[in-house]
Structure formats: C-alpha cells, structure tokens
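# Analysis of the macromolecular model
The residues making up each chain are set out below.
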Amino acid sequence: MIWWAALLLWQQNMQLPEVSNNPHTTEADVEQGRKLYAGRCAGCHGPGGDGGKGANLAVPVLPRAVSDRSLYQVVRYGIPDTEMPASLMAPREVWQISAYVRSLGKLRNEPIAGDAGRGAQLVRGKGGCLQCHAIGTEGGRMGPALTDIGARRGPGHLRNKLIDATSDVPETFRLVDVRTKDGRQITGIRLNEDTWSIQVRDFSDRFHSLSKDSLASLRSERRTPMPSYKQRLDAGEINDVVAYLAGLRGAQ
Ligand code: HEC
Ligand code: HEC
C-alpha cells in the first residue's frame, strides 16, 4: 500500500507533459492564465511580471524557461534551492499561466525615458553604486552584481528600488551585527548560517567565519544597507540610471 502511494506521488510529482509546445494558447486561455497568475504569482513577480521578489518575466527570453516544456516544468515544479516554489495545479492551468507569462514578454518592451550614457556615469560617480555592486569586473561585493540586472528585473522594479531601497529586500537577506567573546565587533552581510557557525562579509569586504560558541551576541535583521536615492538624485537622473541598468544584460 505504502509502496503504491509513494509510486503515485512520484508519478504525480515528476510527470512532464507529453507535448512540447503549449496546447492552450487561445485568447481565453491567456485571460484565464492572467487570473491564475494574479492569484498565485503576482505577489513575487509583480502584477505586470516585471519582477520584485521574483525574476522579471516581462522579457523576450526567459533564461530558465526557453522552451514551452521548460516553462511548464518551472511553473509546475519550481526551481530547486531558490524561492521559486512548486505549484500544485492541473496541467491545463499550468499551460494557461505559461501562455500568459509568454504574453508578458511580447507585450512589454516599454520605452525608457532616460539617457543610458548619463546613467552609466551616475552609477560610477554621484550614485556611488560600485562601492557595493559589481558590474562586469569592476565594483564591490556587498550587494548583488548588476551585470545582468536588466535581464532579471523590469524597469518598474529598478525604479522602486532606487526611490525606496527598503522595498523588495529579499526574504533571506540579513544585515548582522556580532560581538565576539574576545571583544571584536563585526557588522556586515550574512553569507551563510547554520546551527553552529555564521559567515559574514563586513563593510570593508573582509570575510569572517565565526563559530557561534565564540559569540557574545548576534543581532540579525532583514534590513538593507543600500541608501534610497530619492533625495540624492533628481527625477531625470533616476530615469537615466534606470535606462542604464535596464540595458545591462550580462557579459557582452
Ligand atoms: C515566493 C515567490 C515566488 C512565487 C509565488 C512565484 N515565483 Fe517564480 N520565481 C521566483 C524567484 C525568486 C525566481 C528566480 C529563481 C532563480 O533563478 O534564482 C523565480 C523564477 C521564475 C521563472 C524563471 C524566470 C527566468 O528568468 O527564466 C518563471 C518562469 C517563474 N518564476 C514563473 C512563476 C509563475 C508562473 C508563478 C506562479 C504560478 C511563480 N513564478 C510564482 C519567486 C516566485
Ligand atoms: C552601501 C551599499 C550599497 C550602495 C551604495 C548601493 N546599493 Fe544597491 N543594494 C545593496 C545591497 C546590499 C542590496 C541587496 C539587498 C537589497 O535588495 O536591498 C542591493 C540591492 C540593489 C538592487 C536590487 C537587486 C536585485 O537583484 O533585485 C538594485 C537594482 C540596486 N541595489 C541598485 C543600486 C544602484 C543603481 C545603486 C547606485 C545608485 C546602488 N544600488 C547603491 C547595497 C548598495
């Protein structure tokens, strides 16, 4: 009996569709997909698919889901070791959501008002972004690399992040403040943590691996060190930075 149940579960969990192209792509399917998406996906991927906690889906090519079959797999079974969850849905519903996701990539090629050239200068100069972020081989490591940010995030998300840095801080991001029993104090970003140890990168880019036994105190909060740029850059400059970031699509 148990064996049977396990086999059934396995089959249900691992079954990929037999067809490789989406069989449900009519206008009605896309509309149904839009409703399902609003309920199940928009919280992470944004109502228009332009990212947030989840990846930007409003792009012509989804790196993790190039074919319809791989899109089906991602939507139905999630992406292991990331925040992208599996969703229990009927195959038809998975296809309908997939059809809607594809429509986002076709629809949204919104023109961006700013000047990318000026944005590139702001990022390196006045914005001081490279202090914390890498672009290609230049820049720091405290924040995530921005080398392919334009492929991962839509302009709306990028703008929000600049105006209010506290928006969309990833669920797992932690700023930590530790004091060791021998009197050292370290503030930085948590890279890893388990029951016995914690790994931190401090603000001078030094790496620390600390055994929890050696700590006098450990404070850890989901709070970003990134400043908000609403006061530091004017509206035109924010547009320029967004235009520049949106064009960063990975190694050239
Ligand atoms: C809890 C947040 C969350 C929810 C809910 C969620 N996703 Fe995701 N999704 C993510 C994250 C995070 C990633 C990026 C994973 C990675 O590659 O690091 C992702 C990646 C993806 C990708 C791959 C994108 C690429 O760049 O190739 C697709 C497609 C996708 N999600 C579709 C969906 C759909 C459709 C739904 C609703 C059924 C959904 N997601 C629900 C967080 C979420
Ligand atoms: C003091 C360090 C620091 C500075 C300066 C800084 N950032 Fe950040 N930024 C971070 C950290 C850390 C994160 C990751 C946590 C978070 O999302 O808030 C982040 C996140 C981001 C994200 C979200 C990345 C994603 O994958 O969604 C973007 C976009 C971004 N920064 C752009 C910029 C730009 C553009 C500038 C300059 C105008 C800038 N940052 C300046 C530290 C910084």
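Note that the coordinates shown come from a computational prediction; the quantities given were computed from them, not determined experimentally. (Residues numbered from 1 in each chain as written. Chains lettered and ligands numbered in written order. Predicted model: local features only at pLDDT ≥ 70, side-chain atom pairs only at ≥ 80, totals over all residues. Heavy atoms only, no water.)

### Notes on the pairing of strand β3 (residues 175-180)
For the record, the criterion: Buried, partly exposed and exposed residues are distinguished by accessible area as a fraction of the type maximum, computed with a 1.4 Å probe on protein chains only: under 20%, between the cut-offs, and over 50%, respectively. Working definition: helices are DSSP H or I runs of at least four residues, strands are E runs of at least two. Numbering for both runs from the N terminus. The rule for pairing is simple: two strands pair if DSSP sees at least two bridges between them.
Of all six residues in β3, five are buried, a share of seventy percent or more. Judged from the five bridges that link them, β3 and strand β4 (residues 185-193) form a sheet pairing that is antiparallel. Within β4, the residue paired with valine 178 across the bridge is isoleucine 186. Between the end of β3 and the start of β4, which pair antiparallel, lie four residues, with glycine 183 showing a positive phi angle near 90 degrees.

### Here's the deal with the site of ligand 1
The following threshold applies: Proximity is defined per residue: if any heavy atom of the residue lies within 4 Å of a molecule or strand, that residue is considered near it. Pairs of N or O atoms within 3.5 Å make up the polar contacts considered here, provided that, within protein, one atom can donate a hydrogen while the other can accept it, and that residues adjacent in sequence are counted only when both atoms are side-chain atoms.
Not every one of the 23 residues close to ligand 1 is listed here, only the nearest: Cys41, Cys44, His45, Arg64 and Met84. Here an oxygen atom of ligand 1 and a backbone polar atom of proline 63 are 3.4 Å apart. Among the elements that make up the shell around ligand 1, the one with the highest residue count is helix α4 (residues 68-77) (three residues).

### Examining the pattern of salt bridges
For clarity, the threshold we go by: Salt bridges are counted wherever a side-chain nitrogen of Lys or Arg sits within 4 Å of a carboxyl oxygen of Asp or Glu.
Within this structure, the stated rule accounts for 16 salt bridges. A salt bridge links arginine 102 to aspartate 68, with the shortest nitrogen-to-oxygen separation between them at 3.3 Å. Remark: aspartate 68 occurs in helix α4 and arginine 102 occurs in helix α5 (residues 91-107); sequence separation between them is 34 residues. We classify arginine 102 as partly exposed; its relative accessible area is 22%. The salt bridge involving lysine 212 is made with glutamate 193; its shortest N-O contact spans 2.8 Å. Highlighted residues: lysine 212 in the loop between β6 (207-211) and β7 (215-221) and glutamate 193 in strand β4, separated in sequence by 19 residues. Judged by its relative accessible area of 25%, lysine 212 is partly exposed. Put simply, Asp177, Arg219, Glu221 and Arg223 are held in one network by salt bridges that share partners.

### What to know about the site of ligand 2
Operational definition: Three residue categories are used. Nonpolar comprises Ala, Val, Leu, Ile, Met, Phe, Trp, Tyr, Cys and Pro, charged comprises Asp, Glu, Lys and Arg, and polar comprises the others, including Gly.
As a structural note, the neighbourhood of ligand 2 is formed by 26 residues, with Cys129, Cys132, His133, Thr224 and Met226 the closest of them. One nitrogen or oxygen atom from the side chain of histidine 133 is found 2.8 Å from a nitrogen atom belonging to ligand 2. A distance of 2.6 Å separates an oxygen atom of ligand 2 from a polar side-chain atom of lysine 161. Mapped by element, the contributors of at least two residues to the shell around ligand 2 are α7 (149-152), α8 (155-163) and α9 (235-246). If one sorts the elements of the shell around ligand 2 by residue count, α8 sits on top with four residues. In terms of residue class, the shell around ligand 2 is made up of 17 nonpolar, six polar and three charged.

### Regarding the sheet that holds β7
What counts is decided by this rule: A fitted line through C-alpha atoms represents every axis, and for helices the fit uses only the stretch in contact; the resulting angles, taken between N-to-C directions, go from 0 to 180 degrees.
Read from one edge of the open sheet, five strands run β6-β5-β4-β3-β7, paired in antiparallel fashion. In this open sheet, the two edge strands, each paired with only one partner strand, are β6 and β7. Mean inter-strand twist for the sheet, computed between neighbouring axes without regard to direction, equals 40 degrees. Note that strand β5 (residues 197-202) and β6 share five bridges and pair antiparallel. Directly across from glutamine 199, in β6, lies its bridge partner serine 209.

### Notes on the domain arrangement of the chain
A common way to state how big an interface is: give the accessible area lost once the parts meet. Note the cut-off: Residue ranges assigned to each domain were obtained from an automatic or database domain assignment. Once two parts are put together, the accessible area they lose, assessed with a 1.4 Å probe and summed over both, is termed the buried area.
Examined at the domain level, the chain breaks down into domain 1 (14-107), domain 2 (116-169 + 227-246) and domain 3 (175-221). In this structure, domain 1 and domain 2 have C-alpha centres spaced 28 Å apart. Carbon and sulfur atoms supply 38% of the area buried between domain 1 and domain 2, which totals about 520 Å² over both sides. Of all residues in domain 1, Asp50, Gly52 and Asn56 give up the largest surface area on contact with domain 2, accounting jointly for 70% of the area buried on that side. In this assembly, domain 1 and domain 2 are joined by zero salt bridges. Counting across the interface, domain 1 meets domain 2 through zero residue pairs in polar contact (both at pLDDT 80 or more). For the side of domain 1 that touches domain 2, the residue count by class is two nonpolar, four polar and two charged.

### Describing the coordination of the iron atom of ligand 2
As a reminder of what qualifies: Coordination here is defined by N, O and S atoms within 2.8 Å of the metal (3.2 Å for Na, K and Ca), and since water is not considered, a site can look incomplete. Between 85 and 135 degrees for all angles marks four donors as tetrahedral; over 155 degrees for opposite donors together with 65 to 115 for all other angles marks four donors as square planar and six as octahedral; every other arrangement is irregular.
Taken together, His133 (NE2) and Met226 (SD) make up the full set of protein donors to the iron atom of ligand 2, lying 2.0 to 2.2 Å away. Around the iron atom of ligand 2 sit six donor atoms, and with donor-metal-donor angles ranging over 85 to 178 degrees the site reads as octahedral. With histidine 133 in the loop between α6 (116-124) and β1 (134-135) and methionine 226 in the loop between β7 and α9, the pair connects residues that are 93 residues apart, well separated along the chain.

### Examining the coordination of the iron atom of ligand 1
Taken together, the protein donors to the iron atom of ligand 1 comprise His45 (NE2) and Met84 (SD), at separations of 2.0 to 2.1 Å. Of note is the iron atom of ligand 1, whose six donor atoms meet at the metal with angles of 85 to 179 degrees in an arrangement that counts as octahedral. Of the two residues, histidine 45 is situated in helix α3 (residues 42-45) and methionine 84 in the loop between α4 and α5; the sequence distance between them amounts to 39 residues. Taking relative accessible area as the criterion, methionine 84 reaches 22% and is therefore assigned partly exposed.

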